[in-house]
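So you can see what is in the structure, the chains are spelled out below.
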Amino acid sequence: MGLLDGLMGNATEVNAAELQDELSPILASQEQVQLAYRVVRDMFVFTNKRLLLIDKQGVTGKKVEYHSIPFKSITHFLVETSGRFDLDAELKVWISGQSEPLTRELKKGTDVVGIQRAIAELVLG
């Protein structure tokens, strides 16, 4: 991924095998990384058990927020593509027991179709 792509927010697919090793300290036993996308420093990681949203914070990125959403908790989801004047795409995930969705903005050029397909396959499959 080039620097310009990263600054523009374009999501790139991450090698699942390499990420498996990196995330092994926080993964449950028998949990396998299926698919992952990186947007600058943040990632959307799909394992066989959950959606993991990784948000690296601060200047150095040493502070990291790991938001785990078990697929069985997702009641419905929405992926909105960017438009001509609205340059940001959006991901909304409704979690059982919460009235407001978890919302993440995605920059124009992010593979929102790929993210939607991954969620559909893992939630509905």
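Rules behind the numbers
- Residues numbered from 1 in each chain as written.
- Predicted model: local features only at pLDDT ≥ 70, side-chain atom pairs only at ≥ 80, totals over all residues.
- Heavy atoms only, no water.
- Helix = DSSP H or I, 4+ residues; strand = E, 2+ residues; numbered from the N terminus.
- Buried < 20%, exposed > 50% of the residue type's maximum accessible area, 1.4 Å probe, protein only.
- Contact = heavy atoms within 4.5 Å.
- Areas by Shrake-Rupley, 256 points an atom, 1.4 Å probe, with all protein chains shown as cover.
- Arc of directions from axis to C-beta.
- Polar contact = N/O pair within 3.5 Å; in protein donor to acceptor, adjacent residues only side chain to side chain.
- Salt bridge = Lys/Arg side-chain N within 4 Å of Asp/Glu carboxyl O.

Asker: Please clarify how the overall build of the chain should be interpreted in this entry.
Answerer: Of the regular secondary structure elements, the chain holds 3 helices and 8 strands. N-terminal to C-terminal, the α/β element order of the chain is α-β-α-β-β-β-β-β-β-β-α. Among the 125 residues that make up the chain, the fraction classed as buried is 36%. For the chain, the proportion of contacts with a sequence separation of at least 24, taken over those separated by at least 6, is 33%. When the accessible surface of the chain is split by element, carbon and sulfur atoms take 50% of a total near 7600 Å².

Asker: So what exactly am I meant to see when it comes to helix α2 (residues 16-23) here?
Answerer: Quick reminder: α-helices carry 3.6 residues per turn. Residues three or four places apart thus point the same way. Those residues of α2 lying buried are Leu19, Gln20 and Leu23. Looking down the long axis of α2, one finds its buried residues gathered within 110 degrees of arc, a one-sided arrangement. Away from its buried face, by an angle of more than 90 degrees, α2 presents the exposed residues Ala17, Glu18 and Asp21. Lining the buried residues of α2 we find β2 (33-39), β3 (42-47), β4 (50-57) and β5 (63-70). N-cap assignment for α2: the residue whose side-chain oxygen lies 2.9 Å from the backbone N of Ala17 is Asn15.

Asker: What should I look at first to understand unusual backbone geometry in this one?
Answerer: Only a minority of non-glycine residues have a phi that is not negative, and only a minority of peptide bonds are not trans. One non-glycine residue, Gln30, adopts positive backbone phi at about 70 degrees. Secondary-structure assignment places Gln30 in the loop between α2 and β2.

Asker: Quick question: what am I supposed to make of the pattern of salt bridges here?
Answerer: As a working rule, side chains carrying opposite charge can pair if their charged atoms are close by. Taken as a whole and assessed by the stated rule, the structure comprises 2 salt bridges. Put simply, Glu31 and Arg50 hold a salt bridge, and the shortest N to O gap is 2.6 Å. Note that Glu31 is positioned in the loop between α2 and β2 and Arg50 in strand β4, a separation of 19 residues in sequence. Each of the two residues, Glu31 as well as Arg50, counts as buried. Of the charged contacts, one joins Lys92 and Glu90 as a salt bridge, the two residues approaching to 3.8 Å between their closest N and O atoms.

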